[in-house]
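Observations on chain architecture
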Amino acid sequence: MAKKKFLFVAQEVAPYLPPEKISSLGKEVATGIHKRGYEVRTFTPKWGAINERRNQLHEVIRLSGLNVTIDDNDHPLLLKVASLHPTRTQVYFIDNDDYFQKLDSDIDDVGSNRTDNDQRIIFFTRSTIETAKKLQWDPAVIHSQGWVSSMVPVYLRQLSDSVPFESSKVVYTVLPEEPTLTIDPGFFRRLKEEGVREDFLASYENMELTPKLLHKMAIDNSDGVIFMTDEPDPEVLAAVEAKGIPYLKKEEADGNLEAYIEFYDKLSDK
């Protein structure tokens, strides 16, 4: 029996970033799911804090070169790859000098305080999906984790050019977020220019531009949700329950990869 394919879109992965709570979770999911029988590919930004030489990243020329146009400016993709030990699963790094170089003003390894975070989200999302298409991969499950991956479910469900993934089950993880995360007011205009349907965006345009907005947009386009916050936001949790979306809470999922596998299998077997 062929292994199920699993596309993991992670905000942070250790050891490429220091092994803190979020990055360690990224590694745990990527390697643990592989060990439990899935064929895994992981996508993550090539944050400026990642040391290419120490982590043995190398550019994949045949998959680089995509230009993502944002505000009439072309931003080229540089795709890099490394093997995640001990499983040697492939990790693809989305890189661009405009968005992922480390700045002195960054308050953390991912620059959550930057004013162009909405553009970084769009670039990462578009680059990830287009690269996955080039790999001709048909994953049973696509799992996106964290704010930088929050538009992956939206693009997969709201753009007509995401047909290759229409049979994939989409899971989104809500991670604890930095309160300094900023989102530019031009976010919705840029999403419309990307081709996201206006009628879908209309219901969100009066919401405050915070991580909660990103979570809600992602969840509304997901088949399953995993909450890794100590207490899920009551409003977000109520919306998930009202729509009948299957979910796991932190106490069920934290350190329990068997719960993840059971969750994925139930979704992908539907």
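Our subject is the structure listed above.
Before going into details, it helps to say that this report is about the structure given with it. Residue indices follow the written sequence of each chain, beginning from 1 at its first position. It should be noted that, the model being predicted, local features are given only for residues of pLDDT at least 70 and side-chain atom pairs only at 80 or more, the latter also being counted only at that level, while totals for whole chains, interfaces and linings use all residues. To obtain the side-chain values, all non-hydrogen atoms of the structure were used and water was disregarded.

1. A word on the packing of aromatic side chains
To be explicit about the condition: Aromatic pairing here means that ring centres of Phe, Tyr or Trp (its six-membered ring) are within 6.5 Å. Orientation follows from the plane angle: under 30 degrees is stacked, over 60 is edge-to-face, and everything else is tilted. We count a stretch as a helix when DSSP gives it H or I for four or more residues in a row; a strand needs E for two or more, and each element gets its number in order from the N terminus. Note on classification: 1.4 Å probe, protein chains only; a residue is buried when its accessible area is under 20% of the maximum for its type, exposed when over 50%, partly exposed between these limits.
If you walk through the whole model with that rule in mind, you get 14 aromatic pairs. Aromatic pair Phe 6 and Tyr 264: ring centres 4.9 Å apart, planes at 50 degrees, arrangement tilted. Of this pair, Phe 6 sits in strand β1 (residues 5-10) while Tyr 264 sits in helix α10 (residues 257-268), placing them 258 residues apart in sequence. The exposure class of Phe 6 is buried, given its relative accessible area of 0%. Three or more aromatic residues link up through ring pairs in this structure, and these residues are Phe 6, Phe 8, Tyr 38, Tyr 260 and Tyr 264.

2. Thoughts on empty space enclosed by the protein
What counts, and what does not: The rule is simple: put a 1 Å grid over the protein atoms alone, call a set of points where a 1.4 Å probe fits but cannot get out a cavity, call an open set with protein on both sides within 12 Å along at least five of seven lines a pocket, and count a residue as lining if it has an atom within 4 Å of a point. Grid points are joined across faces, edges and corners, and a volume is the space filled by probe spheres set on the points. Here the nonpolar group is Ala, Val, Leu, Ile, Met, Phe, Trp, Tyr, Cys and Pro; Asp, Glu, Lys and Arg are the charged ones; every other residue, Gly included, is treated as polar.
Scanning the model with the defined rule gives two cavities of 30 Å³ or more in all. Taken as a whole, the largest cavity encloses approximately 40 Å³ of empty space. If you trace the largest cavity, you find it lined by Leu 7, Ile 129, Ala 132, Ile 142, Val 152, Leu 156 and Phe 165. Every element with two or more residues in the lining of the largest cavity is listed here: α3 (117-134) and α4 (152-158). Taken together, the residues that form the lining of the largest cavity break down as seven nonpolar, no polar and no charged. The volume enclosed by the second largest cavity comes to roughly 30 Å³. Forming the walls of the second largest cavity are Met 207, Lys 212, Lys 216, Glu 235 and Val 236. Elements that contribute at least two residues to the lining of the second largest cavity include exactly α7 (211-219) and α8 (234-243). The residue makeup of the lining of the second largest cavity, split by class, is two nonpolar, no polar and three charged.

3. Some details on the sheet that holds strand β7 (residues 89-95)
Rules: Here the rule is simple: two strands pair whenever DSSP picks up at least two bridges between them. Contact definition: two residues touch when any of their heavy atoms are within 4.5 Å. Only the stretch in contact is used when a helix axis is fitted, and all axes are lines through C-alpha atoms; the angle between N-to-C directions ranges over 0 to 180 degrees.
Taken in spatial order, the nine strands line up as β3-β6-β7-β2-β1-β8-β9-β10-β11 in an open sheet, and their pairing is mixed. Only two strands of the sheet have a single neighbouring strand rather than two, namely β3 (58-59) and β11 (247-248). Relative to β7, strand β6 (residues 78-84) is paired through seven bridges, and the arrangement is antiparallel. Across the sheet, Leu 78 pairs through a bridge with Asp 95, a residue of β7. Sheet contacts for α8: β10 (224-227) and β11; angle to β10, the most-contacted strand, approximately 150 degrees.

4. Considering the pattern of salt bridges
Our working rule: For this analysis, a salt bridge means a side-chain nitrogen from Lys or Arg found within 4 Å of a carboxyl oxygen belonging to Asp or Glu.
Under the definition given, this model contains 24 salt bridges. Arg 190 serves as the salt-bridge partner of Asp 118, at 2.6 Å between the closest nitrogen and oxygen. Highlighted residues: Asp 118 in helix α3 and Arg 190 in helix α5 (residues 187-194), separated in sequence by 72 residues. Given a relative accessible area of 8%, Arg 190 falls into the buried group. Through salt bridges with shared partners, one network takes in Asp 71, Asp 118, Asp 184, Arg 189, Arg 190 and Glu 193.

Keep in mind these values describe shape, not function.
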